[in-house]
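One letter stands for each residue in the lines below.
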Amino acid sequence: MLNFLGKRILQLIPTLFFVSILIFSLQHLLPGDPALVMAGEERDPAVIEQIRQQYRLDRPIPVQYLYWVKGVLSGDFGESLRVKAPVLSLIGQKLPVTMQLASMAILIALLIGIPAGIVSAVKKGSAWDYGANLFALWGISTPNFWLGIMLIFLFSIELGWLPASGYVPLSEDWRASLASTIMPAFVLGNAIAAILMRHTRSAMLQVLDSDYVRTARAKGLSERSVILKHAMRNALTPVITLGALELGTLLSGAVLTEQIFSIPGFGKLIVDAVFNRDYAVVQGVVLVTATIYIALNLVADIAYILVNPRLRT
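Note that the structure is a prediction, hence the values are computed from the model and not measured. (Residues numbered from 1 in each chain as written. Predicted model: local features only at pLDDT ≥ 70, side-chain atom pairs only at ≥ 80, totals over all residues. Heavy atoms only, no water.)

Right, let's talk about the overall build of the protein chain for a bit. Each helix and strand in the protein chain was counted, giving 13 helices and 0 strands. For the protein chain, the succession of helices and strands along the chain, N to C, is α-α-α-α-α-α-α-α-α-α-α-α-α. Across its three principal axes, the protein chain shows a C-alpha extent of roughly 85 × 55 × 35 Å. A total of 313 residues make up the protein chain; the buried ones form 41% of that total. If you take every contact in the protein chain between residues at least 6 apart in sequence, the share linking residues at least 24 apart comes to 72%. Just so you have it, the protein chain exposes about 17300 Å², and 66% of that area is on carbon and sulfur atoms. (Helix = DSSP H or I, 4+ residues; strand = E, 2+ residues; numbered from the N terminus. Buried < 20%, exposed > 50% of the residue type's maximum accessible area, 1.4 Å probe, protein only. Contact = heavy atoms within 4.5 Å. Areas by Shrake-Rupley, 256 points an atom, 1.4 Å probe, with all protein chains shown as cover.)

Here it is, written out as structure tokens:
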């Protein structure tokens, strides 16, 4: 196990290196001059030249990259051109908000999608199966913005149970925080639950037809034991992969849902940075997002070993 983790972590280093090169290179292909953006409307040539020297924009791109990587390794992601604040500080403010929202969404998706997929596979051809497939079709087909608006209309305007928008940090009031995030979390989790249900059902149908499941039943094991201990554990491998990818997508920013519910998360930060050509923020956010995806892939690999004992050898 330790050897496996060591090898996987060593593989992450060159991956992050190439990702950083890609992020820095693509950023410089965007139209516009950062010095002109920072100089404002007056665009005094002397001020523009001073900005170029201050931010090393007059240096060759490889030299700029080395300075940027050196700063990133020391915890300095640069400064936002728009709000004049450290990029790392902005990420530290916005990422926990999206992490809370994403964690709640993936929890909702797991609690709904996996049981529905298992029941659909076990009760294949029954009313339960048709109902689960109908739910999956609903979840995949329903636009997030429409579902969000409908939930606001029902639970905020008509019933008055939940706030229509805004965000309250967990550290201030955990009840108000959950109340402000439960609707956007359900909107995001609804679509992921439908996808998880379809994958879980497909994996369970394959596993239930395998020889070891028939052997377990022939040995006289209860149907509950066969499904939960033998079939489900082997069917979870593709579900783990999908769950890790979907969680990474949520952490990279659920832009539309955050806009509908006025959640000040990661998605709004990256959209504002792109529109304002805030290059340092874009680089920092994309690098953090890529690192999260890579880390989640590592967590998924570890989960494979924990779920499937055959992989431990």
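Moving on from the coordinates now.
Moving on to the pattern of salt bridges. Under the counting rule described, the total for this entry stands at 1 salt bridge. The shortest N-O distance in the salt bridge between Asp 129 and Arg 201 comes to 2.9 Å. Of this pair, Asp 129 sits in helix H6 (residues 127-141) while Arg 201 sits in helix H8 (residues 174-208), placing them 72 residues apart in sequence. Given a relative accessible area of 4%, Asp 129 falls into the buried group. (Salt bridge = Lys/Arg side-chain N within 4 Å of Asp/Glu carboxyl O.)

Here we come to the packing of H6 against H8. Closest axis-to-axis distance for the H6/H8 pair is 7 Å, and the angle between their directions is 135 degrees. Looking at the two axes, H6 sits oblique to H8. Two packed elements cross with a definite hand, and for H6 against H8 that hand is left-handed. Listed contacts from H8 to Asp 129, Ala 132, Asn 133, Phe 135, Ala 136, Trp 138, Gly 139 and Ile 140 of H6 are Asn 190, Ala 191, Ala 193, Ala 194, Ile 195, Met 197, Arg 198 and Arg 201. (Axes fitted to C-alpha atoms, helices over the stretch in contact; angles between N-to-C directions. Parallel < 35°, antiparallel > 145°, perpendicular 65-115°, else oblique. Left-handed = near helix turned anticlockwise from the far one by under 90°.)

With that settled, consider unusual backbone geometry. The phi dihedral of Ser 262 falls on the positive side, at around 55 degrees, and the residue is not glycine. When you line up the elements, Ser 262 lands in the loop between helix H11 (255-260) and helix H12 (266-275).

Core analysis: the biggest nonpolar cluster contains 60 residues, and Ile 91, Met 204, Phe 266, Val 281, Val 285 and Val 288 have the highest contact counts within it. The set of elements that each furnish at least two residues to this core consists of helix H1 (2-28), helix H4 (61-73), helix H5 (87-122), H8, helix H9 (211-218), helix H10 (223-251), H12 and helix H13 (279-307). A per-element tally of this core places H5 first, with 14 residues. Residues in contact with Met 204, not counting those within four places in the same chain, are Ile 118, Ala 121, Ile 227, Ala 231, Met 232 and Ala 235. Leu 151, Ile 152, Tyr 167 and Phe 261 belong to the second-largest nonpolar core, a separate cluster that totals 9 residues. (Core = buried A, V, L, I, M, F, W, Y, C linked by side-chain atoms within 4.5 Å.)

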